[in-house]
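Tertiary structure, described
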Amino acid sequence: KIDPKTLTFSDIKYTVKIPKGSSTGEGEEVTKEDTFKTILHGISGEIKGGESLCILGPSGSGKTSLLHIISGRICTTKSLSHQVSGDTTVNYKNITGTAFRKMSGMVTQEDIFEGSLTVEETLNFSAQLRSVPPERVNSVITALQLENCRMTYIGDDANPYMKGISGGEKRRLAIAMEILDPSISMI
């Protein structure tokens, strides 16, 4: 049984160092000294168990950075070239990035699959690694409408001789992999 959790993030700020000699953007001058650019300016939010949050914004607005900070994949570096501040809690308790990653799933923009496995083999392998019962695999396949391709090889887009499932099916497979077990899924 999945235990719903409340995810809260408050006053998330993210600043990156732009080294001297770098361009700060299209059409801008090259910097004469190190400068800092703020990517996120105090973002806060809460997602209760069973709810969804949609993060919208133009390209380069910090959507992916916010998700990576919440999940603990981006943090302040020792050199301070990347500086992160703010709090992320689960069920209103502070949590480390490692603990968060153990209870959550994140579907990135890139799909990384073994092309010679079928959809069902891929999900079964992931489920076995996480000690998830086989019934859960079947319910996720049904929920994400992957029944018609469950025995189809994933394939490899770089290899014309290894055709497989469609791009949309790959996206749903990536989501399926992450919702097999975790309490928090970021897609």
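We now turn to the structure provided with this report.

What counts and how
Residues numbered from 1 in each chain as written. Predicted model: local features only at pLDDT ≥ 70, side-chain atom pairs only at ≥ 80, totals over all residues. Heavy atoms only, no water. Buried < 20%, exposed > 50% of the residue type's maximum accessible area, 1.4 Å probe, protein only. Helix = DSSP H or I, 4+ residues; strand = E, 2+ residues; numbered from the N terminus. Arc of directions from axis to C-beta. Contact = heavy atoms within 4.5 Å. Axes fitted to C-alpha atoms, helices over the stretch in contact; angles between N-to-C directions. Parallel < 35°, antiparallel > 145°, perpendicular 65-115°, else oblique. Left-handed = near helix turned anticlockwise from the far one by under 90°.

1. Here we look at helix α4 (residues 134–143)
- Listed as buried for α4 are Val137, Val140 and Ile141. Around the axis of α4, the buried residues are gathered within 100° of arc, so they sit on the same side. Exposed side chains of α4 directed beyond 90 degrees from the buried face belong to Glu135 and Ala143.
- Buried-residue contacts for α4 involve α3 (119–129) and α5 (167–179).
- Directly after α4, the chain includes Gln145, whose backbone phi takes a positive value near 50°.

2. Some points on α3
- Along α3, the positions that sit buried rather than exposed are Val119, Glu120, Thr122, Leu123, Ser126 and Ala127. Within α3, the buried residues cover an arc of 160° as seen down the axis, which keeps them to one side. Relative to its buried face, α3 has exposed residues pointing more than 90 degrees away, namely Phe125, Gln128 and Leu129.
- Of the surrounding elements, those touching the buried residues of α3 are α4 and α5.
- Within two residues after α3, Ser131 carries a phi angle of roughly 60°, on the positive side.

3. Notes on the packing of α3 against α5
- Where α3 contacts α5, the axes come no closer than 10 Å and their chain directions differ by 20°. The angle between α3 and α5 falls in the class roughly parallel. Classified by chirality, the crossing of α5 by α3 is right-handed. On α5, the residues touching Val119, Thr122, Leu123 and Ser126 of α3 are Leu173, Ala176 and Met177.

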